[in-house]
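Residues per chain, in single letters:
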Amino acid sequence: MRIGIVSDIHANLAAFETVIAALRQAGAADRLWCIGDMVGYGPHPNECLDLLRDFDHVCVPGNHDYGLLGKTPISNFNNDARFALDWTATVLRPDLHAYLDGLDQPWLPDNGQFTIVHASPRDPIWEYLLNTGDAHECFPLFATPYCLVGHTHIPVVFRETEPGGPVKLAQPEAGEAVRLGESRLICNPGSVGQPRDSNPQAAYAILDQEERTLTFHRIDYPIAVTQAAMRALNFPKRLISRLDFGY
Ligand code: ZN
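In this report, the structure presented in the accompanying data block is examined.

Cut-off values and rules
Residue indices follow the written sequence of each chain, beginning from 1 at its first position. For a predicted model such as this one, the threshold for reporting local features is a pLDDT of at least 70, and the threshold for listing and counting side-chain atom pairs is 80 or more; totals across whole chains, interfaces and linings nevertheless cover every residue. Only heavy atoms go into the side-chain values, all of them from the structure, while hydrogens and water stay out. Counting from the N terminus, the helices are DSSP H or I runs at least four residues long and the strands are E runs at least two residues long. Each residue's exposure class comes from its accessible area (1.4 Å probe, protein chains only) as a fraction of the maximum for that residue type: buried when under 20%, exposed when over 50%, partly exposed otherwise. Whether two residues touch is decided by their heavy atoms; if any such pair falls within 4.5 Å, the residues are in contact. Note: two strands are recorded as paired if DSSP finds a minimum of 2 bridges between them. With axes taken as lines fitted to C-alpha atoms, and helix axes fitted only over the stretch in contact, angles between N-to-C directions fall between 0 and 180 degrees.

Moving on: the environment of Leu 92. With respect to the helices and strands, the residue Leu 92 is situated in the loop between helix H4 (79-91) and helix H5 (94-101). By relative accessible area, Leu 92 is classed as buried at 10%. Considered as a pair, Leu 92 and Pro 155 are 63 residues apart in the sequence and their alpha carbons are 29 Å apart. Once residues within four sequence positions are removed from consideration, Leu 92 is found in contact with Pro 45, Asn 46, Leu 49, Leu 68, His 97 and Leu 100.

Here it is as structure tokens:
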């Protein structure tokens, strides 16, 4: 079975629709694993949550989802993020608010061989897992061979070279398949709706359970469509322009 892995959709419908179309083509859209932050930053929270819920899926909440629900203080967010969350609160349908509120497990500790958590096994909601030192400290904190995280919006693979040993970091190329073998891994597919690795293309991954590979993908999407919707809603300029550059 092939599973689509998506994270940090951030209410960017044009990006999410493009990724879903690509997953359908790759035969990987029967099931989605979603690593959180479905809302925030973008102009289409209802549409993105509806699209996600069209699929058989598992999902964990992210910091923006928690911010919207009041489960983490709004003071934790910068002005632009706060603007988007405040706006989202005014438009989010009650059934979708209830759906987000029902995501009460901040991490899924044994989803097949994968632990799924938005930020890190040490802090499921807020830790930015960016370097090998922090990853090294996180490997003992989950029991499965593999862990999927999001949050940084940067595709990355942390590999434990031996049990308790040094951790290596790799930034996977688009199309690169990581073999699921003996090494334990922490993998981040990157962000669907707001990439931050200086590549504006939407990021996602496909898990092939038979081949035992995790393949990283990038895809162009109509950025201007999302930006026009943001402009019409008077979203902060920086949130609009950063989509052009992927940071
Ligand atoms: Zn995010």
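Let's shift gears to the sheet that holds strand S3 (residues 56-59). The mixed open sheet is built from six strands, whose spatial order is S3-S2-S1-S11-S12-S9. Looking at which strands have only one partner, the edges of the open sheet turn out to be S3 and strand S9 (177-179). Looking at each pair of strands side by side, their axes are set apart by 20° on average, direction ignored. The pairing of strand S2 (residues 31-34) with S3 spans four bridges and is classified as parallel. The residue of S3 that forms the bridge with Leu 32 is His 57.

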